[in-house]
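Report on the structure
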Amino acid sequence: MDTFKPVDEIGRQRLREKYDIPPHQKVILFVGTEFRRKGLLTAIHMLPALKADDSHLYVAGNGDPTAYMRIAQQLGVSHRVHFLGLVKDIQNLYPVADIFTLPSSSDPSPMSPLESLACGVPVVVSSKKWIGFSEHLDGPYGETVEDPNDHLELASKIDIMLERRS
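Model, not experiment: these values are computed from the prediction. (Residues numbered from 1 in each chain as written. Predicted model: local features only at pLDDT ≥ 70, side-chain atom pairs only at ≥ 80, totals over all residues. Heavy atoms only, no water.)

**Details of the packing of aromatic side chains**
So the rule is basically this: Under the pairing criterion, centres of Phe, Tyr and Trp rings, with the six-membered ring standing for Trp, must be within 6.5 Å; the plane angle then separates stacked pairs below 30 degrees from edge-to-face pairs above 60, leaving the rest tilted. Exposure classes here rest on a 1.4 Å probe applied to the protein chains alone. A residue is buried below 20% of its type maximum, exposed above 50%, and partly exposed in between. Helix and strand assignments come from DSSP, with helices taken as H or I runs of at least 4 residues and strands as E runs of at least 2, each series counted from the N terminus.
Counted by the stated rule, this structure contains 5 aromatic pairs. Consider the rings of F30 and F35, whose centres lie 6.3 Å apart with planes at 65°: the pair is edge-to-face. F30 gets classed as buried once you look at its relative accessible area, which sits at 0%. According to the relative accessible area criterion, F35 is buried, its value standing at 4%. Centre to centre, the rings of F35 and Y68 are 5.7 Å apart; their planes meet at 90°, and the pair counts as edge-to-face. Residue F35 is found in helix α2 (residues 35–38), and its partner Y68 is found in helix α4 (residues 66–75); the two are separated by 33 residues along the sequence. On the basis of relative accessibility, which here comes to 13%, the residue Y68 falls in the buried class. The rings of F30, F35, Y68 and F83 are connected pair by pair, giving a single aromatic cluster.

**So, the side chain of S55**
Our working rule: Contacts described as polar in this section are N or O atom pairs within 3.5 Å, which, within protein, must combine one atom able to donate a hydrogen with one able to accept it, while residues neighboring in sequence count only if both atoms come from side chains. Contacts are residue-level and defined by heavy atoms, with any inter-residue pair within 4.5 Å sufficient.
Its place among the elements puts S55 in strand β2 (residues 55–60). A relative accessible area of 0% means that S55 is categorised as buried. In terms of polar contacts, S55 uses its side chain to reach the backbone carbonyl oxygen of A52, at 3.0 Å. Not counting residues within four places of it along the chain, the set of residues in contact with S55 comprises K26, I28, L47, L50, R80 and L162.

**Quick notes on the environment of V77**
The topology assignment puts V77 in the loop between α4 and β3 (81–85). Among the residues examined, V77 registers a relative accessible area of 2% and is labelled buried. Counting along the chain gives 78 residues from V77 to A155, while the straight-line C-alpha distance between them is 14 Å. Residues in contact with V77, not counting those within four places in the same chain, are I44, L47, P48 and A72.

**Quick look at the pattern of salt bridges**
Two side chains with opposite charge may pair up if their charged atoms get near one another. Keep this limit in mind: By salt bridge we mean one thing: a side-chain nitrogen of Lys or Arg within 4 Å of a carboxyl oxygen of Asp or Glu.
Evaluation of the coordinates by the stated rule reveals 8 salt bridges. Notably, a salt bridge pairs D98 with R12, separated by 2.9 Å at the nearest N-O pair. Here D98, found in the loop between β3 and β4 (99–102), pairs with R12, found in helix α1 (residues 9–18); they are 86 residues apart in sequence, far enough to count as distant. The pair D98 / R12 is uniform in exposure class, with both members buried.

**Thoughts on the sheet that holds strand β1 (residues 26–31)**
How we decide: Criterion used throughout: strands pair if DSSP finds at least two bridges between them. Angles run from 0 to 180 degrees between N-to-C directions of axes, and those axes are lines fitted to C-alpha atoms, restricted for helices to the stretch in contact.
On the basis of which strands lie adjacent, the open sheet formed by 6 strands has the order β3-β2-β1-β4-β5-β6 and parallel pairing. Looking at which strands have only one partner, the edges of the open sheet turn out to be β3 and β6 (142–145). Along the sheet, successive strands turn relative to each other by an average axial angle of 25°, direction set aside. One ladder, built from 6 bridges, connects β1 with β2; its direction is parallel. Within β2, the residue paired with V31 across the bridge is A60. Across the sheet, helix α6 (residues 151–165) lies against β1, β2, β4, β5 (123–126) and β6, angled at about 170° from β6, the strand it touches most.

And the structure:
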């Protein structure tokens, strides 16, 4: 299946332009519905703890963002959180990302991290206790967090992955 695949740097820049993403901006992508179970709150809390303060969280999926934007405002990072809603051509969103994250508290076999990996984007997801396939991740392709509610652990793992990508 050729739907999810890496793109070259020119293609990546074109896709980033489509979403109005500046070339220097670090993009952390979250794709999923059921925001609470998938760990969106942890992902938002993680933003202020990142070393790279030019990192933005892009959220694709169906759900009401109101409460999450309120929390982002309280944390002072609302300008770094972007809700895209349902994205029809999701295969074109993954390549804009530097890192994909899904700190889910319960998801035995999510598709979004696999789609991200197929597009050449490394992932930071919950450990095998929470996400079944994550036991196969390590090194340059992925990191896991033991506690899907620990935003500091998530930030640390994303920092590691961002350093590997630079």
